[in-house]
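The lines below spell out each chain.
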Amino acid sequence: MLVQQILKAKDGDGVITVKPDTLVSDAAQILAERRIGGVVVSSDGEKPNGILSERDIVRSLAMRGATCMDDKVSDLMTRNPVCCNRQDTSDAVLSRMTDGRFRHMPVVDDGKLVGIVTIGDVVKARLQELSMEKSALEGMIMGH
Ligand code: AMP
(Lines give C-alpha, C1' and ligand atoms only; values in the text may rest on other atoms or scores of the structure.)
Protein backbone atom coordinates (compact mmCIF):
# COMPACT_ATOMS: atom_id res chain seq x y z
CA MET A 1 0.00 0.00 0.00
CA LEU A 2 1.17 3.52 -0.79
CA VAL A 3 1.23 6.54 1.53
CA GLN A 4 -1.26 8.32 -0.75
CA GLN A 5 -3.81 5.54 -0.10
CA ILE A 6 -3.24 5.83 3.65
CA LEU A 7 -3.78 9.61 3.46
CA LYS A 8 -7.04 9.14 1.52
CA ALA A 9 -8.36 6.69 4.11
CA LYS A 10 -7.71 9.14 6.95
CA ASP A 11 -10.56 11.34 7.99
CA GLY A 12 -10.06 14.63 9.76
CA ASP A 13 -8.82 17.92 8.51
CA GLY A 14 -5.34 17.23 7.30
CA VAL A 15 -2.14 18.04 9.05
CA ILE A 16 -1.94 20.33 12.05
CA THR A 17 1.01 22.70 12.10
CA VAL A 18 2.28 25.25 14.58
CA LYS A 19 4.81 28.04 14.07
CA PRO A 20 8.27 27.76 15.67
CA ASP A 21 7.55 30.63 18.07
CA THR A 22 4.37 29.01 19.42
CA LEU A 23 4.54 28.50 23.18
CA VAL A 24 4.94 24.89 24.31
CA SER A 25 1.87 25.35 26.56
CA ASP A 26 -0.23 26.30 23.50
CA ALA A 27 1.12 23.33 21.53
CA ALA A 28 0.30 21.02 24.47
CA GLN A 29 -3.24 22.43 24.44
CA ILE A 30 -3.55 21.58 20.73
CA LEU A 31 -2.26 18.03 21.32
CA ALA A 32 -4.80 17.53 24.12
CA GLU A 33 -7.78 19.06 22.29
CA ARG A 34 -7.09 17.26 19.02
CA ARG A 35 -6.16 14.02 20.77
CA ILE A 36 -2.95 13.73 18.78
CA GLY A 37 0.62 12.90 19.77
CA GLY A 38 2.57 15.32 17.61
CA VAL A 39 2.47 18.44 15.47
CA VAL A 40 4.57 19.51 12.53
CA VAL A 41 6.39 22.79 13.12
CA SER A 42 6.47 25.06 10.10
CA SER A 43 7.05 28.78 9.76
CA ASP A 44 5.19 29.02 6.44
CA GLY A 45 2.75 26.09 6.73
CA GLU A 46 4.49 24.41 3.79
CA LYS A 47 8.03 23.40 4.63
CA PRO A 48 8.37 21.25 7.77
CA ASN A 49 11.06 22.82 9.99
CA GLY A 50 10.58 20.33 12.81
CA ILE A 51 8.24 18.07 14.71
CA LEU A 52 7.10 18.35 18.31
CA SER A 53 5.88 15.19 19.97
CA GLU A 54 4.30 14.67 23.37
CA ARG A 55 7.53 12.81 24.20
CA ASP A 56 9.57 15.99 23.70
CA ILE A 57 7.33 17.78 26.18
CA VAL A 58 7.42 14.94 28.74
CA ARG A 59 11.24 14.74 28.48
CA SER A 60 11.59 18.46 29.03
CA LEU A 61 9.11 18.43 31.94
CA ALA A 62 11.15 15.69 33.62
CA MET A 63 14.46 17.48 33.05
CA ARG A 64 13.50 21.10 33.69
CA GLY A 65 10.07 21.14 35.23
CA ALA A 66 7.01 23.16 34.28
CA THR A 67 9.04 26.20 33.15
CA CYS A 68 9.48 24.46 29.79
CA MET A 69 5.82 25.25 29.14
CA ASP A 70 6.87 28.90 28.61
CA ASP A 71 9.51 27.93 26.03
CA LYS A 72 9.00 28.19 22.32
CA VAL A 73 8.22 25.07 20.35
CA SER A 74 11.48 25.59 18.42
CA ASP A 75 13.42 25.02 21.67
CA LEU A 76 12.02 21.49 22.11
CA MET A 77 11.25 20.27 18.60
CA THR A 78 13.29 17.77 16.61
CA ARG A 79 14.71 19.65 13.63
CA ASN A 80 14.67 18.39 10.07
CA PRO A 81 12.26 15.51 10.65
CA VAL A 82 12.45 12.41 8.49
CA CYS A 83 9.70 12.79 5.87
CA CYS A 84 8.16 10.52 3.27
CA ASN A 85 6.30 11.20 0.05
CA ARG A 86 3.00 9.99 -1.38
CA GLN A 87 4.65 7.29 -3.47
CA ASP A 88 6.46 5.60 -0.55
CA THR A 89 5.15 2.21 0.51
CA SER A 90 3.68 1.52 3.95
CA ASP A 91 6.45 -1.05 4.54
CA ALA A 92 9.19 1.50 3.83
CA VAL A 93 7.57 4.04 6.16
CA LEU A 94 7.08 1.46 8.90
CA SER A 95 10.71 0.39 8.79
CA ARG A 96 11.94 4.01 8.86
CA MET A 97 9.72 4.67 11.89
CA THR A 98 10.88 1.50 13.63
CA ASP A 99 14.57 2.20 12.92
CA GLY A 100 14.26 5.85 14.01
CA ARG A 101 12.02 5.05 17.02
CA PHE A 102 9.40 7.65 16.18
CA ARG A 103 5.70 7.38 15.41
CA HIS A 104 5.01 10.36 13.18
CA MET A 105 6.11 11.15 9.66
CA PRO A 106 5.25 14.28 7.67
CA VAL A 107 4.37 13.62 4.03
CA VAL A 108 5.88 16.08 1.56
CA ASP A 109 5.36 16.63 -2.12
CA ASP A 110 7.84 18.91 -3.93
CA GLY A 111 9.11 20.02 -0.51
CA LYS A 112 5.59 21.05 0.57
CA LEU A 113 3.73 19.47 3.46
CA VAL A 114 0.68 17.50 2.27
CA GLY A 115 -0.12 15.32 5.28
CA ILE A 116 1.15 13.26 8.18
CA VAL A 117 1.08 9.53 8.80
CA THR A 118 1.39 7.93 12.19
CA ILE A 119 2.50 4.44 13.07
CA GLY A 120 -1.18 3.77 13.92
CA ASP A 121 -2.28 4.74 10.39
CA VAL A 122 0.38 2.52 8.83
CA VAL A 123 -0.36 -0.50 11.04
CA LYS A 124 -4.12 -0.12 10.37
CA ALA A 125 -3.49 -0.04 6.59
CA ARG A 126 -1.17 -3.05 6.80
CA LEU A 127 -3.73 -5.07 8.80
CA GLN A 128 -6.44 -4.30 6.22
CA GLU A 129 -4.10 -5.38 3.46
CA LEU A 130 -3.27 -8.65 5.26
CA SER A 131 -6.95 -9.34 5.89
CA MET A 132 -7.75 -8.86 2.17
CA GLU A 133 -4.85 -11.12 1.18
CA LYS A 134 -6.09 -13.76 3.63
CA SER A 135 -9.64 -13.63 2.18
CA ALA A 136 -8.29 -13.86 -1.38
CA LEU A 137 -6.10 -16.88 -0.50
CA GLU A 138 -9.00 -18.59 1.31
CA GLY A 139 -11.18 -17.96 -1.73
CA MET A 140 -8.57 -19.55 -3.99
CA ILE A 141 -8.17 -22.60 -1.71
CA MET A 142 -11.94 -23.07 -1.38
CA GLY A 143 -12.34 -22.60 -5.13
CA HIS A 144 -14.57 -19.48 -4.90
P1 AMP B 1 7.12 10.10 18.50
O2 AMP B 1 7.39 8.66 18.75
O3 AMP B 1 6.79 10.36 17.05
O4 AMP B 1 6.12 10.68 19.44
O5 AMP B 1 8.49 10.90 18.73
C6 AMP B 1 9.61 10.41 19.44
C7 AMP B 1 10.79 11.37 19.22
O8 AMP B 1 11.14 11.38 17.82
C9 AMP B 1 10.52 12.83 19.57
O10 AMP B 1 11.72 13.40 20.03
C11 AMP B 1 10.13 13.47 18.25
O12 AMP B 1 10.42 14.86 18.18
C13 AMP B 1 10.98 12.68 17.28
N14 AMP B 1 10.32 12.51 15.97
C15 AMP B 1 9.01 12.28 15.73
N16 AMP B 1 8.77 12.15 14.43
C17 AMP B 1 9.95 12.28 13.80
C18 AMP B 1 10.38 12.26 12.43
N19 AMP B 1 9.52 12.03 11.44
N20 AMP B 1 11.69 12.45 12.17
C21 AMP B 1 12.58 12.66 13.18
N22 AMP B 1 12.25 12.69 14.47
C23 AMP B 1 10.96 12.51 14.80
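Let us look at the structure shown here.

Conventions we followed
Residues numbered from 1 in each chain as written. Predicted model: local features only at pLDDT ≥ 70, side-chain atom pairs only at ≥ 80, totals over all residues. Heavy atoms only, no water. Buried < 20%, exposed > 50% of the residue type's maximum accessible area, 1.4 Å probe, protein only. Helix = DSSP H or I, 4+ residues; strand = E, 2+ residues; numbered from the N terminus. Arc of directions from axis to C-beta. Contact = heavy atoms within 4.5 Å. Axes fitted to C-alpha atoms, helices over the stretch in contact; angles between N-to-C directions. Parallel < 35°, antiparallel > 145°, perpendicular 65-115°, else oblique. Left-handed = near helix turned anticlockwise from the far one by under 90°. Nonpolar A, V, L, I, M, F, W, Y, C, P; charged D, E, K, R; others polar. Core = buried A, V, L, I, M, F, W, Y, C linked by side-chain atoms within 4.5 Å. Near = heavy atom within 4 Å. Polar contact = N/O pair within 3.5 Å; in protein donor to acceptor, adjacent residues only side chain to side chain. Areas by Shrake-Rupley, 256 points an atom, 1.4 Å probe, with all protein chains shown as cover. 1 Å grid on protein atoms, 1.4 Å probe; cavity = no way out; pocket = protein on both sides within 12 Å on 5 of 7 lines; lining within 4 Å. Sits in = over half its atoms within 2 Å of the grid points. Pairing = 2+ DSSP bridges.

## Structural notes on helix 3 (residues 54-64)
Among the residues of helix 3, Asp 56, Ile 57 and Ser 60 are the ones counted as buried. All buried residues of helix 3 project into a common sector of 95 degrees when viewed along the axis, lining one side. Seen from the open side of helix 3, the exposed residues pointing more than 90 degrees away from its buried face are Val 58 and Ala 62. Close packing links the buried residues of helix 3 with helix 2 (24-34), strand 3 (50-53), helix 4 (73-76) and strand 4 (78-79).

## As for the packing of helix 5 (residues 90-100) against helix 6 (residues 119-142)
Direction vectors running N to C along helix 5 and helix 6 enclose 140 degrees, while the axes themselves pass 10 Å from each other. With respect to each other, helix 5 and helix 6 are oriented oblique. In the packing of helix 5 onto helix 6, the handedness of the crossing is left-handed. Seen from helix 5, the contacting residues are Ser 90, Asp 91, Val 93, Leu 94 and Met 97; seen from helix 6, they are Ile 119, Val 122, Val 123, Arg 126 and Glu 129. In terms of residue class, the contact of helix 5 with helix 6 is made up of 6 nonpolar, 1 polar and 3 charged.

## Points about the nonpolar core
The biggest cluster of nonpolar side chains holds 12 residues, and these are Ile 16, Val 18, Val 24, Ala 27, Leu 31, Val 39, Val 41, Leu 52, Ile 57, Val 73, Leu 76 and Met 77. For this core, the secondary structure elements donating two or more residues are helix 2, strand 2 (38-41) and helix 4. With 3 residues, helix 2 is the single largest residue contributor to this core. Those residues in contact with Val 41 that lie beyond four places of it in its chain are Val 18, Lys 19, Pro 20, Lys 47, Pro 48, Asn 49, Gly 50, Ile 51, Leu 52, Val 73 and Met 77. The next biggest cluster of nonpolar side chains, apart from the first, holds 11 residues, and it includes Val 3, Leu 7, Val 93 and Met 105.

## So, the site of the ligand
Residues in close proximity to the ligand total 13 residues, the closest being Ser 53, Asp 56, Thr 78, Arg 103 and His 104. Thr 78 places a side-chain nitrogen or oxygen 2.6 Å from an oxygen atom of the ligand. Across the complex, the protein chains shield 92% of the 480 Å² of accessible surface that the ligand would expose by itself. Put simply, the ligand lies in the second largest pocket. The set of elements that each furnish at least two residues to the shell around the ligand consists of strand 3, helix 3 and strand 5 (104-109).

## Describing the sheet that holds strand 2
In space, the 4 strands of this open sheet follow the order 1-2-3-4, with mixed pairing throughout. Of all strands in the sheet, those bounded by a partner on one side alone are strand 1 (17-18) and strand 4. Of the pairings in the sheet, the one linking strand 3 to strand 4 comprises 2 bridges and is antiparallel in character. Each residue of the ladder has a partner; that of Ile 51, found in strand 4, is Thr 78.

## Some details on the environment of Met 140
Tracing the backbone shows Met 140 in helix 6. Given a relative accessible area of 64%, Met 140 falls into the exposed group. Taking the C-alpha atoms as reference points, Met 140 and Arg 103, 37 residues apart in sequence, are found 36 Å from one another.

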